[in-house]
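Next come the chains, spelled out residue by residue.
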Amino acid sequence: MSLKSKHTLIVKQIAQELGFSFCGISKSGFLEIEAKDFESWLKKGNNGKMTYMENYFDKRVDTTLLVPDSKSVITLMSNYYSDYKQNPENPKISRYAFGNDYHEVIKDKLKQFFILINQKIGEVSGRYFVDSAPVMEKAWAKKSGLVWQGKNTNVIHPKNGSFFFLSEIILDLELDYSTPIKDYCGTCTKCIDSCPTNALTPYSINGSKCISYLTIELKDELIPIEFHQKLENWIFGCDICQEVCPWNKFSLVHNEIQFEPKINLLEMNKKQWQELSEEQFKILAKNSPLKRSKWKGLKRNVESI
Ligand code: B12
Ligand code: SF4
Ligand code: SF4
């Protein structure tokens, strides 16, 4: 076995030890096709008021500019699927926010991953990311052969669906690379047909119309009135285009204790949300992604449904 293959094996073993669901690797570099698509997405204004998406364009589409001397992008997937069902009459929270904030949970694991690579392989440098950085995470997950990108724009694993977080380790170490898998959406259009705000066209999203954007990303202003009737009780994110996806019938419940549902938050009815004080919110939403919208933001969302 070549040294590169040995290192690849070590990386995949570490991923398993740390509880990542899947690990795929591709060559660090310029994302030529995605750069063009992303540029036209921005030109159409599909990012709405997420102006941070316009920053660091060159680095976002080229990991060798983001992490100079990098050779490999390791993509890691973390399952967050929970079969806990919220009462549909109550204000709804998307599954990814049932438990503790994934940014913190996964960042801790990536830190350990990096230490273990340095212990088991030798001195390797690089950086790790989860969500917040200018990295086209879905494009890298696709490239590394783990998933295809569905018409709802989420990436889907053929055996376990799309309820996964993505994260990456970008390294100056050469590894064995995988090739992309095929697209299994076929003639299905369930996600597009079910989106209440018509945010989707096949393989593309108008972010500014997505409930996830309206309830989380749109800050310091009211949710435009034309969307109020369409929120279908969602007050933090939206899971509709994933719930209707036939590939999510294969989802398995995660085994990450930190993603266990915070029942106290999830079982609140509208009246309880309306009466919730800022102090109570701080206690209930401790370590939760809901902190991102703050008490004020959630109150606005509750008043919009
Ligand atoms: C901005 C953002 C959003 C925005 C915009 C959504 C979007 N699809 O981009 C908003 C706020 C709406 C959002 C919502 C959600 N998000 Co978000 N988001 C991001 C973020 C920060 C950047 C994504 C990005 O680069 N968008 C830019 C556009 C251009 O990218 P794109 O949609 O992939 O576009 C490509 C396709 O359109 C393709 N394309 C264009 N034409 C064609 C034609 C064909 C035929 C094909 C095949 C492809 C194709 O080219 C484009 C460029 O590659 C990433 C984290 C990251 N750093 O990557 C998380 C991320 C994508 N989000 C995530 C999640 C979980 C969500 C939500 C499910 C949360 C929720 N429950 O509310 C929803 C899902 C909504 C949806 N249907 O996408 C996960 C997705 C995991 C997965 N399995 O796919 C990510 C990766 C975060 C993470 N680390 O886990 N999100
Ligand atoms: S998350 Fe909801 S609003 Fe956003 S695209 Fe999917 S179905 Fe539409
Ligand atoms: S619902 Fe259908 S079209 Fe949409 S992502 Fe899933 S398989 Fe693809």
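Remember, it's a predicted structure, so these values are computed and weren't measured experimentally.

This next bit is on the pairing of strand S7 (residues 164-171). By the criterion of burial, S7 is predominantly enclosed, with 8 of the 8 residues buried. Here S7 shows no split at all, with Phe-164, Leu-166, Glu-168 and Ile-170 on one side and Phe-165, Ser-167, Ile-169 and Leu-171 on the other all buried. In the sheet, strand S4 (residues 126-129) pairs with S7 via 4 bridges, with the strands oriented antiparallel. Across the sheet, Arg-127 pairs through a bridge with Ile-170, a residue of S7.

Glancing now at the domain arrangement of the chain. Looking at the chain, the domain boundaries give domain 1 (3-171) and domain 2 (190-250 + 261-304). For domain 1 versus domain 2, the separation of C-alpha centres amounts to 22 Å. On the domain 2 side, the residues contacting the 41 residues of domain 1 number 47 residues. For the pairing of domain 1 and domain 2, the buried interface totals around 3700 Å² over both sides, and the portion due to carbon and sulfur atoms is 55%. On the domain 1 side of the interface with domain 2, the three residues burying the most area are Pro-91, Lys-92 and Lys-151, jointly 17% of the side's total. The interface formed by domain 1 and domain 2 contains 3 salt bridges. The salt bridge partner of Lys-49 is Glu-221, with a shortest N-O separation of 2.9 Å.

All right, on to the packing of aromatic side chains then. All chains considered together, the criterion is met by 18 aromatic pairs. Each ring, one from Tyr-96 and one from Tyr-102, has its centre 5.9 Å from the other, and the planes form 80°; the classification is edge-to-face. Each member of the pair, Tyr-96 as well as Tyr-102, is classed as buried. An angle of 85° between the planes, with centres 6.3 Å apart, marks the rings of Tyr-96 and Phe-165 as edge-to-face.

Every one of the 36 residues lining ligand 1 counts as a neighbour, but Glu-137, Gln-149, Val-155, Tyr-203 and Ser-212 are closest to it. Residue Ser-94 places a side-chain N or O atom 3.5 Å away from a nitrogen atom belonging to ligand 1. In this structure, a nitrogen atom belonging to ligand 1 sits 2.9 Å away from a main-chain N or O atom of Asn-152. Per element, the largest residue contribution to the shell around ligand 1 is 4 residues, and it comes from helix H2 (residues 32-43). Here the shell around ligand 1 is built from residues that sort into 19 nonpolar, 10 polar and 7 charged. Here the shell around ligand 1 spans two domains, and each of domain 1 (3-171) and domain 2 (190-250 + 261-304) adds at least three residues to it.

Let us look at the pattern of salt bridges. Evaluated as defined, the whole model comprises 8 salt bridges. The salt bridge partner of Arg-292 is Glu-217, with a shortest N-O separation of 3.2 Å. Placement of Arg-292 in the loop between helix H12 (278-284) and helix H13 (294-304) and of Glu-217 in helix H8 (residues 211-217) is noted, with a sequence separation of 75 residues between them. Each of Arg-95, Asp-239 and Glu-243 takes part in one network of salt bridges that share partners.

Cut-off values and rules
Residues numbered from 1 in each chain as written. Chains lettered and ligands numbered in written order. Predicted model: local features only at pLDDT ≥ 70, side-chain atom pairs only at ≥ 80, totals over all residues. Heavy atoms only, no water. Buried < 20%, exposed > 50% of the residue type's maximum accessible area, 1.4 Å probe, protein only. Helix = DSSP H or I, 4+ residues; strand = E, 2+ residues; numbered from the N terminus. Pairing = 2+ DSSP bridges. Domains from an automatic or database assignment. Contact = heavy atoms within 4.5 Å. Buried area = accessible area lost by both parts, 1.4 Å probe. Salt bridge = Lys/Arg side-chain N within 4 Å of Asp/Glu carboxyl O. Phe/Tyr/Trp six-rings, centres within 6.5 Å; stacked < 30°, edge-to-face > 60°. Near = heavy atom within 4 Å. Polar contact = N/O pair within 3.5 Å; in protein donor to acceptor, adjacent residues only side chain to side chain. Nonpolar A, V, L, I, M, F, W, Y, C, P; charged D, E, K, R; others polar.

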